[in-house]
Structure formats: C-alpha cells, structure tokens
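# Examination of the molecular architecture
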Amino acid sequence: MADLSVSFAGLRLRTPVVVGSAGITGTVELMKRAEDAGAGAVVMKSLFAKEVCRVAPTPRFRILRRGSGVQRSFVLYSYEQASEWGPERYAEEVRRAKEALSIPVIASINCLTPEEWLSYSALMEQAGADAVELNLSCPHGPHLMEGHDVTREMIEMTRLVKQARCIPIIPKMTPQLNNPPGVAVALERAGADAIVAFNRFTGLEIDIETERPIMHGGYAGHGGPWALHYVLRWLAAMYPALSVPLAASGGVSDGEDVVKAILAGATAVQVVTAVVVGGYEVIGRMNEFLLRWMEQKGYGSVLDFRGSICERIVPMEEVFREHVLRAQIEEQKCRNCGLCMRICIYDAAQPADGAYRVVPERCDGCGLCVELCPTKAISMIRR
Ligand SMILES: Cc1cc2nc3c(=O)[nH]c(=O)nc-3n(C[C@H](O)[C@H](O)[C@H](O)COP(=O)(O)O)c2cc1C
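Conventions we followed
- Residues numbered from 1 in each chain as written.
- Predicted model: local features only at pLDDT ≥ 70, side-chain atom pairs only at ≥ 80, totals over all residues.
- Heavy atoms only, no water.
- Helix = DSSP H or I, 4+ residues; strand = E, 2+ residues; numbered from the N terminus.
- Rg over C-alpha atoms; globule rule 2.2 N^0.38 Å.
- Buried < 20%, exposed > 50% of the residue type's maximum accessible area, 1.4 Å probe, protein only.
- Contact = heavy atoms within 4.5 Å.
- Areas by Shrake-Rupley, 256 points an atom, 1.4 Å probe, with all protein chains shown as cover.
- Polar contact = N/O pair within 3.5 Å; in protein donor to acceptor, adjacent residues only side chain to side chain.
- Core = buried A, V, L, I, M, F, W, Y, C linked by side-chain atoms within 4.5 Å.
- Domains from an automatic or database assignment.
- Phe/Tyr/Trp six-rings, centres within 6.5 Å; stacked < 30°, edge-to-face > 60°.
- Lys NZ or Arg CZ within 6 Å of the ring centre and 35° of its normal.
- Pairing = 2+ DSSP bridges.
- Axes fitted to C-alpha atoms, helices over the stretch in contact; angles between N-to-C directions.
- Near = heavy atom within 4 Å.
- Parallel < 35°, antiparallel > 145°, perpendicular 65-115°, else oblique.
- Left-handed = near helix turned anticlockwise from the far one by under 90°.
- Nonpolar A, V, L, I, M, F, W, Y, C, P; charged D, E, K, R; others polar.

Scanning the protein chain from terminus to terminus reveals 12 helices and 21 strands. The C-alpha radius of gyration of the protein chain comes to 23 Å, within 12% of the 21 Å expected for a compact globule of 383 residues. Here the C-alpha coordinates of the protein chain stretch approximately 75 × 55 × 40 Å along the principal axes. Burial statistics for the protein chain: of 383 residues in total, 52% are counted as buried. For the protein chain, restricting intrachain contacts to residue pairs at least 6 apart in sequence, the fraction spanning at least 24 positions comes to 70%. Entry remark: accessible area of the protein chain is about 18,200 Å², with carbon and sulfur atoms responsible for 51%.

Structure below.
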C-alpha cells in the first residue's frame, strides 16, 4: 500500500493534506474534527496582535459568481476576523489542542512589532505548538491594509523569530508579489523551515443598487477553486529554487487538486475553502483519491512524484507554435445554435444545411470553439 506520510518542516504528517488556518481550526473541538476527518496536521486560526481584528462583523461570508453547472468557479468572499482571543487564552487553546490531538498543531500569529513577534512566538513555543506560521499575508489584515512593506517585514521577522525559537518557523506568503520565487529564496535564507504559498487575494465586491461595498463595507479576502492555477504556477517555479518544503494553499478543492499541488512541488497541501463550503469530510475524500492515484501510478511515496512537473515546463522559446491542427464540426451533434460563428474571430464557422461547418483554410486552430460548444460537436483534427 502506498505511504501517504511526509516530512514537513521536521514534522511527520500522516498525509500531506492539512487543514489550513481559518475559523474551521479555531478551537480544539474543530481541530479534532479535522483530525478525525483524516488531516495530516492543523494550522490554528490566527492570533492577531491588533485587537480590533479580534471582533468579527456579521454577516461575513458571501458566495459570488455561483454558476449553475459551473460550480467549480465560485468565489468565496469573506471577512472573517482573527481568533477572538488574546495571546494567553490562545496559548491555552494550543495547550488543550496538544493534549487532545495526535497530529501536529501549528499555531499562527500575526504581529506588528518585533517585540510582539518575539513574545507571541515564545508563548506558542511554551504552549507546545509543533510549529508557528507567520501570517503577514491576511488579505484584509493590517500588513496589506496599512501599506506595510510586506516582503521586507516577512523576511526580517522570519529571521528574528527563527533565531529566537527552537520550533519550526513557517512564513505564509501573500500571493500579491511580482517575484514569489525570489521572496521564497530570501525566506529560506532567513531561516524558514517551510513556506506556505499562499494566503488569499484581497478583493472588493460592490452592490450596484446601494453603490456601496457589500457586507461590512470594506475590502475582503477572496478565493475559490480558480486560485489553484496561480498557486500551481508559482509552486512549479519555487520548488526547484528551494531546499525547504512548500505547503500549497489556494484553491485546492478535491483529490485531483492535491495530486496537482504535489506534482508542482508541494510537500503539504493546505485546504480551507473546500472545508468551509463542503465540511471536514472532503479531507477523507482527498486522502482516498491520493492513495488510489498513487497506487494506480505505482508510486510508493509522495516523494516519488513531488515536483516532477517542474522539469516538464516548456520554456517560452521552445513552445511548439506550428498550426498543424484545425477544428471540425460533427454535423449530427450540432444543434445549430451559432455560438461557434459568433465567437470565431477568423470567420471559420459558417452555417450550412441546418448545422455549422468549419472552413478549413480560415480556421486558425485556436481551439476556443471546441471548449465552448454546448453539445461538444467540435473537435480538433490534423490539417
Ligand atoms: C474564512 C477564512 C478565514 C481565514 N483565516 C485565516 C487566518 O486566520 N489566518 C491565515 O493565515 N489564513 C487564513 N485564511 C486563509 C487560508 O488559510 C488559506 O490560506 C486560503 O484560504 C487559501 O486556501 P483555500 O483556497 O483552500 O481556502 C482564511 C481563509 C478563509 C476562507
């Protein structure tokens, strides 16, 4: 049987699938649900030094762009706040979690001054946390909202906390960077034991009736299955540049996504939105899928395929650019809706006898009509 266990920042995880930091890991009882569902570790809801962030407004969740039949494209737009607790009470919960759970418990802190980073991380260490995530990346937290130099602070605070603590230190990056691999390398040099890529994007949704921001009236975090591709893209660029392990975070919705994140270089895969909207059971299904996929492929361990996609990324100069394919419409399947004609900028789809057909010499072979045809009547063939 394939072995799902991985070593992440010096911690042994029974599976790479980790429940990431959010309200779903806010208490021991919730973390226990994650453990019972099969999680390899839990990252606790963040403790913020900035006290105003500890009180949540209501409501604070909206599902945007919920398309029937396109369920994988929704946006979870939310303004969930920090843990409601101050440092002492939070540390007490870490202690309780360590007693109640057998999987690693990773604390998460969000501080503003060097003194806070040092004292909060010390409290977490004393309370028995297996590691600490440094969260300077909350999409509506003080670092991004108040114009901090997030990259510089993240590197400096990683160095500071690492020098002072014995437990693993895991900075969590914002996705809002122009050079994530460069930042990840700097974090590794600063002493990071692992890196989380990424937190969510900051965002804004507007009610056009009231002409105001929805919900609490400010910016919010937004994420969803769509974010996966951004995460995979940067994991694949970061993995070859790093020695420390990466945790994927962003858009992982099912077992296939877990496999993709590992292929792109992740050692651990954090899941939040999928649990928020689907319940903790999604974790078990991810583990089952991963196990089955590894067995089908003949992989004994996650290390057998981690990061294997990286060397298969084709550089820009080597992309095959010859137009050897063109579209073809199967008349029997065509319902004559005309969508292909409306969207084809090459005028290659033309009406013919109650259906549409492709004019071969006009077709550029771009493949868009194949993707959009509602009856799947179009396919690509060699010219
Ligand atoms: C409701 C909600 C609350 C979150 N709270 C935190 C938090 O307190 N600390 C943190 O580091 N990340 C927090 N996150 C970010 C998640 O840990 C995760 O990095 C992000 O949502 C991307 O993963 P996903 O696509 O699986 O949700 C939160 C996300 C959501 C949706």
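Okay, the environment of Glu80 next. Looking at the element boundaries, Glu80 is found in the loop between strand E7 (75-78) and helix H2 (87-100). Taking the C-alpha atoms as reference points, Glu80 and Val105, separated by 25 residues in sequence, lie 21 Å from one another. Discounting chain neighbours no more than four positions away, the residues touching Glu80 are Ala22, Gly23, Lys45, Arg60, Phe61 and His140. In this structure the side chain of Glu80 is engaged in a polar contact, spanning 2.6 Å, whose partner is the backbone nitrogen of Gly23. Engagement of the side chain of Glu80 in a polar contact is seen with the side chain of Lys45, the distance being 2.9 Å.

Another point: the nonpolar core. With 100 residues, the main nonpolar core has Ile109, Met124, Met173, Ile195, Leu235, Met238 and Ile283 as its most contacted residues. Considering every element that reaches this core, the biggest residue donor is helix H10 (residues 281-297), with seven residues. Among the nonpolar cores identified, the runner-up in size contains 16 residues, and Ala348, Val358, Cys373 and Ile378 belong to it.

This part takes up the domain arrangement of the protein chain. Under the domain assignment, the protein chain is made up of domain 1 (6-312) and domain 2 (322-382). Domain 1 and domain 2 are separated by 43 Å when their C-alpha centres are compared.

One pass over the full model with this rule turns up six aromatic pairs. With a centroid separation of 5.5 Å and an interplanar angle of 55°, the aromatic rings of Phe198 and Tyr230 are classed as tilted. Taken together, the positions of Phe198 in the loop between strand E11 (195-197) and strand E12 (201-203) and Tyr230 in helix H7 (residues 228-238) put the pair 32 residues apart, joining distant regions of the chain. Measuring from ring centre to ring centre gives 5.1 Å for Tyr299 and Phe305, while their planes differ by 25°; the resulting arrangement is stacked. Put simply, the rings of Phe198, Phe201, Trp226 and Tyr230 pair up and form one aromatic cluster. One Lys or Arg, Arg89, reaches over the ring of Trp85 and ends 4.0 Å from the middle of that ring. Lying over the aromatic face of Trp234, Arg233 brings its terminal NZ or CZ to 3.8 Å of the ring centre.

Within the open sheet, the four strands sit side by side as E6-E7-E15-E12. Their pairing is antiparallel. If you trace the sheet from one side to the other, it starts and ends with strand E6 (61-64) and E12, each paired once. The average undirected angle you get between the axes of adjacent strands in this sheet is 35°. Direction of pairing for E12 relative to strand E15 (residues 220-223): antiparallel, over a ladder of three bridges. Bridged to Gly203 within E15 is Ala220.

Here we take up the site of the ligand. As a matter of local geometry, the ligand sits amid 19 residues, with Ser21, Ser46, Ser249, Gly251 and Thr273 nearest to it. Ser46 places a polar side-chain atom, nitrogen or oxygen, 2.7 Å from a nitrogen atom of the ligand. Contact distances for the ligand include 3.2 Å between an oxygen atom and a side-chain N or O atom of Asn135. The protein chains hide 96% of the 600 Å² of surface that the ligand would expose on its own.

We now examine the packing of helix H6 (residues 180-189) against H7. Helix-helix packing is described using two parameters, namely the angle between the two axes and the distance between the axes. Axis separation between H6 and H7 bottoms out at 9 Å; the angle between their running directions is 50°. On the basis of the axis angle, H6 is oblique to H7. Both H6 and H7 take part in a crossing whose hand is right-handed. Residues Pro180, Pro181 and Ala184 of H6 touch H7, and the partners they reach there are Trp234, Ala237 and Met238. A per-class count over the contact of H6 with H7 returns six nonpolar, no polar and no charged.

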